[in-house]
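Fold and contact review
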Amino acid sequence: MDAYPAQIREALSSLDEEEVWWRPNAGANSVGNLVLHLAGSSHHFIGRALGGSDFVRDRPAEFAVRDPLPKAELEKRLRNVADETARVLDGQDPDALLEPVEIAGEPHTTLALVLRVAHHWAVHTGQIVYVAKSLREGAVDELWQRTMR
């Protein structure tokens, strides 16, 4: 939960408020919507399913926002979900990775949920970085080297 949020933060900081909510077409997602979507997904699958929070997800709302939230609010949500995810994962017993966890009435293992969330972050982080690179030449160059540890 260090590298992907760091990459998203750098991409966000390279964009102005309007660019964060830019869409290439009406059916596409903005960077802002992708940040909301990652936060919702992680709160749901990690915070709620593994951490026992009372978070209630509204997935359609993550994509429906058209009245832009300020970048500072997106950064706050990104920081909060990264902190929650790290806290919950740090508290997991490695011996319980194959234990079943129920979410939305379906059994999953802890490991399956962690992998699902990790892959989800990778895909959407790549999309966000691509938008930043497309809109601001050179803005996030060498991002991988600066954010991966």
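Please refer to the structure placed before this passage.
Worth saying up front: this structure is predicted, and the values here are computed from it rather than measured.

What follows is about the pattern of salt bridges. Note that side chains of opposite charge can pair when their charged atoms are close. Summed over all chains, the structure comprises four salt bridges. The partner of Glu62 in a salt bridge is Arg57, with the nearest N and O atoms 2.8 Å apart. Among the charged side chains, a salt-bridge network with shared partners connects Asp16, Glu19 and Arg136.

Moving on to the packing of helix 3 (residues 31-48) against helix 6 (residues 110-135). Where helix 3 meets helix 6, the closest approach of the two axes is 10 Å, and the angle between their N-to-C directions is 170°. Considering their axes alone, helix 3 and helix 6 lie roughly antiparallel with respect to each other. Where helix 3 approaches helix 6, its residues Val31, Leu34, Val35, His37, Leu38, Ser41, Ser42, Phe45 and Ile46 are matched on the opposing element by Leu113, Val114, Arg116, Val117, His120, Trp121, His124, Gln127, Ile128 and Val131. Class assignment of the residues belonging to the contact of helix 3 with helix 6 gives a composition of 12 nonpolar, six polar and one charged.

Further remarks concern the packing of helix 1 (residues 3-14) against helix 6. Viewed as axis vectors pointing N to C, helix 1 and helix 6 meet at an angle of 20°, and their least axial separation amounts to 9 Å. As judged from the angle between their axes, helix 1 and helix 6 are roughly parallel. Of the two possible hands of crossing, helix 1 and helix 6 adopt the one that is left-handed. Residues Tyr4, Pro5, Gln7, Ile8, Ala11 and Ser14 of helix 1 lie in contact with helix 6, whose contacting residues are Ala118, Trp121, Ala122, Thr125, Ile128, Val129 and Ala132. Per-class residue counts for the contact of helix 1 with helix 6 are 10 nonpolar, three polar and no charged.

Take helix 1 next. Under the 1.5 Å per step criterion, the end-to-end length of helix 1 is 17 Å for 12 residues, consistent within 8% with the ideal 16 Å. Buried within helix 1 are the following residues: Ala3, Pro5, Ala6, Gln7, Ile8, Ala11, Leu12 and Ser14.

Before going further, it helps to spend a moment on the pairing of strand 2 (residues 106-109). Here four bridges tie strand 1 (residues 100-103) to strand 2, and the two strands are oriented antiparallel to one another. Looking across to strand 2, one finds that Val101 is bridged to His108. Between the antiparallel neighbours strand 1 and strand 2 lie two residues, among them Ala104 with a positive phi of about 55°.

Analysis parameters
- Residues numbered from 1 in each chain as written.
- Predicted model: local features only at pLDDT ≥ 70, side-chain atom pairs only at ≥ 80, totals over all residues.
- Heavy atoms only, no water.
- Salt bridge = Lys/Arg side-chain N within 4 Å of Asp/Glu carboxyl O.
- Axes fitted to C-alpha atoms, helices over the stretch in contact; angles between N-to-C directions.
- Helix = DSSP H or I, 4+ residues; strand = E, 2+ residues; numbered from the N terminus.
- Parallel < 35°, antiparallel > 145°, perpendicular 65-115°, else oblique.
- Contact = heavy atoms within 4.5 Å.
- Nonpolar A, V, L, I, M, F, W, Y, C, P; charged D, E, K, R; others polar.
- Left-handed = near helix turned anticlockwise from the far one by under 90°.
- Expected span 1.5 Å × (residues − 1).
- Buried < 20%, exposed > 50% of the residue type's maximum accessible area, 1.4 Å probe, protein only.
- Pairing = 2+ DSSP bridges.

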